[in-house]
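# Descriptive analysis of the structure
Given next are the chains, with one letter for each unit.
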Amino acid sequence: MSTQYNIPVGAQHISLLEPLHFKFTTENEKIIKTEANVGYVHRGIEQACCSKFKFRQVSFVVGRVCGLCSISHTTCYSQVAEKLLKLDIPKRAKYLRMLVIELDRIHSHLLCLSHVAENSGFEALFMKTMRHREFSMELLEAVCGNRIQYDFSIIGGVARDLRTDVAQSILDKFKIFRPQLDELVDIYKTNWSLSLKNKGIGVLSKEDAIRLNVVGPFARASGLGVDVRNETEELLPWKEVGFEIITDTAGDVHARNMVRLKEIYVSMKIIENIINGLPEGDLISDTKAFPEGEAVNRIEAPRGELFYYAKGNKTQVLERLKIKAPTFSNIPAMVETFTNNEYASVPAIIGSYDPCLSCTSR
Amino acid sequence: MQVYLPLSVLMIRACHALQDKFQIEIMKTFFKTIGNLFKKPATIPFPAAPTYKPDDYRGLIVFDESLCIWCRRCETVCPPGAIVFSQNITDGKQTYHYSPYVCIYCQECVRTCPKQGCLIQSAEPGHPATKEHDVNNVWNKLFADSLESRVTYAAEKKKQQAAAKANPQS
Ligand code: SF4
Ligand code: SF4
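### So, the site of ligand 1
Contacts to ligand 1 come from 13 residues, most closely from Cys78(B), Cys103(B), Cys106(B), Gln107(B) and Cys109(B). Residues of the shell around ligand 1, tallied by class, amount to 11 nonpolar, one polar and one charged.

### Some remarks on the sheet that holds strand β7 (residues 304-313) of chain A
Each strand in a sheet pairs with another by means of backbone hydrogen bonds, the pair being arranged parallel or else antiparallel. All names here are of chain A. Strand order in the open sheet formed by three strands is β6-β7-β8, with antiparallel pairing between adjacent strands. Each end of this open sheet is capped by a strand with a single partner; those strands are β6 (292-301) and β8 (320-324). Averaged over neighbouring strand pairs, the angle between their axes works out to 10° when direction is ignored. Relative to β7, β6 runs antiparallel, the two sharing 10 bridges.

### Let's talk about the packing of helix α5 (residues 123-144) of chain A against helix α6 (residues 164-190) of chain A
All names here are of chain A. In contact at an axis separation of 11 Å, α5 and α6 are set at 165° when each is read in the N-to-C sense. Here α5 is positioned roughly antiparallel relative to α6, judged by the angle of their axes. Pair α5 / α6 crosses with left-handed handedness. Only Val166, Ser169, Ile170, Lys173, Phe174, Phe177, Gln180, Glu183, Leu184, Ile187 and Tyr188 of α6 make contact with α5, whose side of the interface consists of Leu125, Lys128, Thr129, His132, Phe135, Glu138, Leu139, Ala142 and Val143. Classifying every residue of the contact of α5 with α6 by side-chain character gives 12 nonpolar, four polar and four charged.

### Side note on the interface of chain A and chain B
Taken together, the 19 residues of chain A in the interface contact 18 residues of chain B. Both faces combined, the contact of chain A with chain B buries some 1600 Å², and carbon together with sulfur accounts for 46% of it. The closest approach of N and O atoms between Asp55(B) and Arg163(A), which form a salt bridge, is 3.2 Å. Summed over the shared surface of chain A and chain B, the result is 10 residue pairs in polar contact (both at pLDDT 80 or more). Those elements giving two or more residues to the side of chain A that touches chain B turn out to be α2 (55-62) and α5 of chain A. If one sorts the elements of the side of chain A that touches chain B by residue count, α5(A) sits on top with five residues. For the side of chain A that touches chain B, the class distribution of residues is eight nonpolar, three polar and eight charged.

### Things to note about the sheet that holds strand β3 (residues 30-37) of chain A
All names here are of chain A. Sheet architecture is open: three strands sit in the order β1-β2-β3, paired in antiparallel fashion. Edge positions in the sheet fall to β1 (4-9) and β3, since each has one partner strand and no second. Neighbour-to-neighbour, the strand axes of the sheet open up by a mean angle of 20°, direction not taken into account. Strand direction decides the pairing type here: β1 and strand β2 (residues 21-27), joined by six bridges, are antiparallel. By the bridge assignment, proline 8 is partnered in β2 with lysine 23.

### Quick look at a nonpolar patch on the surface
Together, Met27(B), Phe30(B), Phe31(B), Ile34(B), Leu37(B) and Phe38(B) make up a nonpolar patch on the protein surface, roughly 700 Å² of accessible area in all. By secondary structure assignment, the location of Phe30(B) is in helix α1 (residues 4-37).

### Looking at the packing of helix α4 (residues 91-119) of chain A against helix α11 (residues 253-276) of chain A
Residues and elements named next belong to chain A. Axis separation between α4 and α11 bottoms out at 9 Å; the angle between their running directions is 155°. Viewed along their axes, α4 and α11 adopt a mutual orientation that is roughly antiparallel. When you trace α4 past α11, the crossing you get is left-handed. On the side of α4, the interface is formed by Tyr95, Met98, Leu99, Glu102, Leu103, Arg105, Ile106, His109, Leu110, Cys112, Leu113 and Val116, while α11 contributes Val253, Asn257, Arg260, Leu261, Glu263, Ile264, Ser267, Met268, Ile270, Ile271, Ile274 and Ile275.

### Things to note about the nonpolar core
Nonpolar side chains tend toward joint burial in soluble globular proteins. All names here are of chain A. Ranked by size, the top nonpolar core spans 89 residues in total, and within it Tyr77, Val143, Leu162 and Leu321 carry the most contacts. In terms of residue count, α4 provides more of this core than any other element does, 13 residues in total. Every residue in contact with leucine 321, bar those within four places of it in the chain, is listed here: Glu46, Cys49, Cys50, Val58, Val62, Tyr77, Tyr308, Tyr309 and Ala310. One finds Val38, Val253, Tyr353 and Leu357 within the second-largest nonpolar core, a separate group that totals 28 residues.

What counts, and at which threshold
- Residues numbered from 1 in each chain as written.
- Chains lettered and ligands numbered in written order.
- Predicted model: local features only at pLDDT ≥ 70, side-chain atom pairs only at ≥ 80, totals over all residues.
- Heavy atoms only, no water.
- Near = heavy atom within 4 Å.
- Nonpolar A, V, L, I, M, F, W, Y, C, P; charged D, E, K, R; others polar.
- Pairing = 2+ DSSP bridges.
- Helix = DSSP H or I, 4+ residues; strand = E, 2+ residues; numbered from the N terminus.
- Axes fitted to C-alpha atoms, helices over the stretch in contact; angles between N-to-C directions.
- Parallel < 35°, antiparallel > 145°, perpendicular 65-115°, else oblique.
- Left-handed = near helix turned anticlockwise from the far one by under 90°.
- Contact = heavy atoms within 4.5 Å.
- Buried area = accessible area lost by both parts, 1.4 Å probe.
- Salt bridge = Lys/Arg side-chain N within 4 Å of Asp/Glu carboxyl O.
- Polar contact = N/O pair within 3.5 Å; in protein donor to acceptor, adjacent residues only side chain to side chain.
- Patch = residues over 30% accessible without salt bridge, like charges linked within 9 Å, V, L, I, M, F, W, Y side chains within 5 Å.
- Areas by Shrake-Rupley, 256 points an atom, 1.4 Å probe, with all protein chains shown as cover.
- Core = buried A, V, L, I, M, F, W, Y, C linked by side-chain atoms within 4.5 Å.
- Buried < 20%, exposed > 50% of the residue type's maximum accessible area, 1.4 Å probe, protein only.

Written as structure tokens, this is what we have:
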């Protein structure tokens, strides 16, 4: 047996966006075992939501769980609270929620792709992707009024309407963005030096994906077709606006890139359909009721299935709120996927997981 | 020998062709790079030039005292506690306090206010706080003092009422 080395990566490391700690056991250059520690950004948000804040204020608190998928958190909480209040929301509000969720997915996927490129050592592609991503941030700012913490979904509906000139600017900017995205797809798909760091690296088989209960683009790249948008039409009519599931079979970093890129096309199609078929009506339906009983809700965040559980006791303050973020579900698979890869591939693999630790440990 | 000779010729030819192709690629990249030098930069020279800001940006909250009915609903709904009303102990007049540094621009107060136009959200972005502002300590003290002033006023009023009840002549 050759000598084994333990190499710690994190909690602060150049290839990590967020505090995450891995301990790799390597033999020569090969990783044979990994341990992970994810609890570095615990902020006690769940406890705050059940003690300090009233249930209507909680949707603004959970929006601050994550900077990237803020809208997924607020929408998921709003929906779970609407279940407790037995409140039905207007159709226009549902469409606008879907619109912002998909815009958010575009910017989040492009961010992830750029970091895979950066962590693979392709700095120029990182800059190119980030440059093309900027339009989605501007659109989000135009639609929501805020660039990062959108505060767009509130209990009962949405906070702002979509102005017609903003809707038109979305369609116009998509026309500019589509050829840029085609170019990005071409680079991510065919670039030879990138393929050395991405193809066949960090492979997760479909069997393992099922066994380890993986969610999001990570699972879909392994051929496991899990997507909340595909499973339930209960609260948001995804099929109506043209959702289709994207999967790949290879399960490596390259396949994850491809799934994310293709999902951006789907998101753009959904947004165009929403704008062209936006129903008229109110933005918000109001109620004086207090949350009562228990409810769960799921939503497809950019990183996978986001799960909320809430329990109300007919008072202003919730009795319990539980958040399960997509990255939390993916940790077992993240740890296993490193095995038998070269240590030098670690940054690219971590990038391709798209881990969000501030969601995970809250 | 007869077999190897044409094969090697073929290989050399293939190498040349590949070399040509590479050279063309390299030249293409070279000209592209030169071309990029003359393109406009993708970045904005902030703060010399302004960044994108929509005209209905969610900015600071503006209060119009003349319309307020002092119902304090905005204070109740504000998630971070950026609005508080203090009360004058002698005449019971309320004063509105707002911290632009604590506000998260969520618009809840504007939505809740029963008097239209009393609270409006301007498009002016919040300014970053500096050390001199000592935001947390100053605001937390003001918040606590304001709540206390209301409690004191309520207690004072109760006492007066009780006194008035005890001897109705005076
Ligand atoms: S905008 Fe939100 S945070 Fe700011 S004062 Fe109004 S309710 Fe409070
Ligand atoms: S909700 Fe409006 S009317 Fe009531 S106290 Fe606040 S600003 Fe005044």
